[in-house]
Amino acid sequence: MPHDTNRYARALRELAPEDALALMASVPIGRVVFTLDALPAILPVRFRLDRGTLAFRLAADRRVHAALHDSVCAFEADAWDVREYDGWTVTVTGRVSPVDESHEGARLAEMLPPTWQSEHPHRFFRIVPEVVAGRLLRAAGRPVPA
């Protein structure tokens, strides 16, 4: 049976930072990438874009919280259509810091979804984007998401 190469014809393009962040804001889950005990670590989190930053909360874990205290990390979110073989990915690199909960805690508690371990104490964090990189892979003729 002949292979239909047109089915797999794709256009890969880099996204402008504002378009990349708009796509990132359209999904509820991303991954924070950081260093823990001198090794790479990745945690899935629920997040929101808030005032130009990425905000999320994590259940209590002193080692993780210490690793995320004023350090450089990456954050990635994406969406893929496995039937159409297309989608997008966005990576943000920046400094992550715990949020001073006395000022912002109540607002973030209302805005952010709970952690998956909602019965445990948690802490809020923010990533200030310094580098935003996004890529879009689309089938020929398919529209770019708004």
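For the structure itself, look to the data block above.
What you see is a predicted model; the values in this text were computed from it and never measured.

Asker: Quick one: what's the story with the pairing of strand β3 (residues 39-50), residue by residue and with numbers?
Answerer: Relative to β3, strand β2 (residues 29-36) runs antiparallel, the two sharing 8 bridges. Paired with V33 across the two strands is I42, which belongs to β3. Connecting the antiparallel pair β2 and β3 is a turn made up of 2 residues, with D37 showing a positive phi of about 55°. Relative to strand β4 (residues 53-59), β3 runs antiparallel, the two sharing 4 bridges. When the bridges of β4 are listed, F47 appears paired with F56.

Asker: Help me get a handle on the nonpolar core, residues and values and all.
Answerer: Core analysis: the biggest nonpolar cluster contains 28 residues, and V32, F34, F56, L68, F75 and I127 have the highest contact counts within it. At the level of elements, α1 (17-24), β2, β3, β4, α2 (62-67), β5 (71-81), β6 (86-98) and β7 (122-139) are the ones that each hand at least two residues to this core.

Calculation criteria
Residues numbered from 1 in each chain as written. Predicted model: local features only at pLDDT ≥ 70, side-chain atom pairs only at ≥ 80, totals over all residues. Heavy atoms only, no water. Pairing = 2+ DSSP bridges. Helix = DSSP H or I, 4+ residues; strand = E, 2+ residues; numbered from the N terminus. Core = buried A, V, L, I, M, F, W, Y, C linked by side-chain atoms within 4.5 Å. Buried < 20%, exposed > 50% of the residue type's maximum accessible area, 1.4 Å probe, protein only.

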